[in-house]
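# What the coordinates show
Letter by letter, the chains look like this.
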Amino acid sequence: MTKLAIVIPCYNEAEALPITARELLGLLDGMVQEGLVTQDSYILAVNDGSRDDTWGVISSLHDQHPERFKGIDLAHNRGHQYALLAGLMTARGHCDAAISIDADLQDDINAIPRMVKEFQQGKDIVYGVRQSRATDTWFKRTTARGFYKFQRTMGVDTVYDHADYRLMSAQALDLLSEYGESNLFLRGIIPQIGLESSTVGYDRAERVAGESKYPLGKMLSFSIDGITSFSAKPMRLIFLTGLTFLILDVLAAIYVAISYYYHSLVWGWASLFLSIWFLGSLLLMGVGIVGEYVGKIYIEVKHRPRYAIRRSLL
């Protein structure tokens, strides 16, 4: 039997968390009766500096189920990845395996028993992978596919159609604790651990309550963080783009020299204006990408704590 910890990062989930807790507690009871997990398996909710009564809900659930439902409260909002890491590192050393899942119940909790069975068969990491995106809008489906393809193109090793719904063994958690970077992108870090892994498919549902915490702006920011944290390809692309335009400039200079020799040179203010703006845009993009890397280096060298736990109910 496996001592299981289910880690739930929460930000403004006071409406959804009671429903999620009820479903997960029922699932845990069933898994205990089935002999999959031990009686002391538990749920760990992480309050990521919520502005609503999420911590109050966590405290109430802990009072009702002190051995089964636990919680930690971060001192301020640090973002989904940091809250998830805080929960996993808190569970580390107090479980045989930990499963991370969001509080909105869009990830099918019925995949959890299958993940545990994969773990019991020797897998250290089990990824929850979406079987389809039928419930997504066309825009969401298209941008998500583009997100994964673009990351692969940029050299980031991620699992396609996998978010942060996964099981990690105690050994995997120990290895994850050795990654001390401040720019967190767990979807890219965990595949680098390199332990035995497998996938479990599931169908994604609608949110049980509340609103999505990942609008388009946050998704774009998350994608940029993932790429710049794991790949130097963007800077290489800038160099290759600059080299290509240098060759074009040389060819253009030869054409201008020949036209001048044959007195057929036509001066065009529009072409000059457009070319300056185009090259200026490329330069600004290049400076911006380089700035992303310099900013990440600036954050990393400070070695500041990645999160701070204000209080805990363990």
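Placed above this text is the structure.
This report concerns the structure included in the present document. All figures in this text were calculated on a predicted structure; none of them were measured in a lab.

What counts as what
As a convention, each chain's residues are numbered from 1 in the sequence order in which they are written. Local features in this predicted model are restricted to residues whose pLDDT is 70 or higher, and side-chain atom pairs enter the listing and the counts only when it is 80 or higher, whereas totals over whole chains, interfaces and linings include all residues. As a rule here, side-chain values cover all heavy atoms of the structure and leave hydrogens and water aside. A fitted line through C-alpha atoms serves as each axis, taken over the contacting stretch for helices, and the angle formed by two N-to-C directions is quoted from 0 to 180°. For the purposes of this entry, the term helix denotes a DSSP run of H or I that reaches at least four residues, the term strand denotes a run of E that reaches at least two, and both are numbered from the N terminus. The scheme is simple: roughly parallel for angles under 35 degrees, roughly antiparallel for over 145, roughly perpendicular for 65 to 115, oblique for anything else. Note on convention: the crossing is left-handed when the near helix lies turned anticlockwise from the far helix by less than a right angle, right-handed when the turn is clockwise. Contacts are assigned to residue pairs that have any heavy atoms within 4.5 Å of one another. We call Asp, Glu, Lys and Arg charged. Ala, Val, Leu, Ile, Met, Phe, Trp, Tyr, Cys and Pro are nonpolar, and the rest, Gly among them, are polar. Exposure is judged per residue with a 1.4 Å probe applied to protein chains only, and the accessible area is read against the type maximum: over 50% gives exposed, under 20% gives buried, and values in between give partly exposed. The pairing criterion for strands is at least two bridges between them, as found by DSSP.

## A look at the packing of helix H1 (residues 17-34) against helix H2 (residues 54-64)
Direction vectors running N to C along H1 and H2 enclose 30 degrees, while the axes themselves pass 10 Å from each other. In terms of their interaxial angle, H1 and H2 are classed as roughly parallel. Every pair of crossing elements has a handedness; the one defined by H1 and H2 is right-handed. In this structure, H1 uses Leu17, Pro18 and Ala21 to contact H2, whose residues at the interface are Thr54, Val57, Ile58 and Leu61. Looking at the contact of H1 with H2 residue by residue, the classes come out as six nonpolar, one polar and no charged.

## As for the environment of alanine 75
Along the chain, the position of alanine 75 falls in the loop between strand S3 (69-74) and helix H3 (80-91). Linking alanine 75 and isoleucine 309, residues 234 residues apart in sequence, is a C-alpha distance of 5.6 Å. Look past the residues within four positions of alanine 75 in its chain and what remains in contact with it is Ala308 and Arg310.

## Section: the pairing of strand S5 (residues 125-130)
Within S5, six of the six residues are buried, leaving the element largely enclosed by the surrounding structure. Here three bridges tie S5 to strand S6 (residues 166-169), and the two strands are oriented antiparallel to one another. Across the sheet, tyrosine 127 pairs through a bridge with arginine 166, a residue of S6. As paired elements, S5 and strand S7 (residues 197-202) share six bridges and run parallel to each other. Residue pairing for S7: arginine 130 is matched across the bridge by tyrosine 202.

Geometric descriptors of this kind do not, in isolation, establish any biological role.
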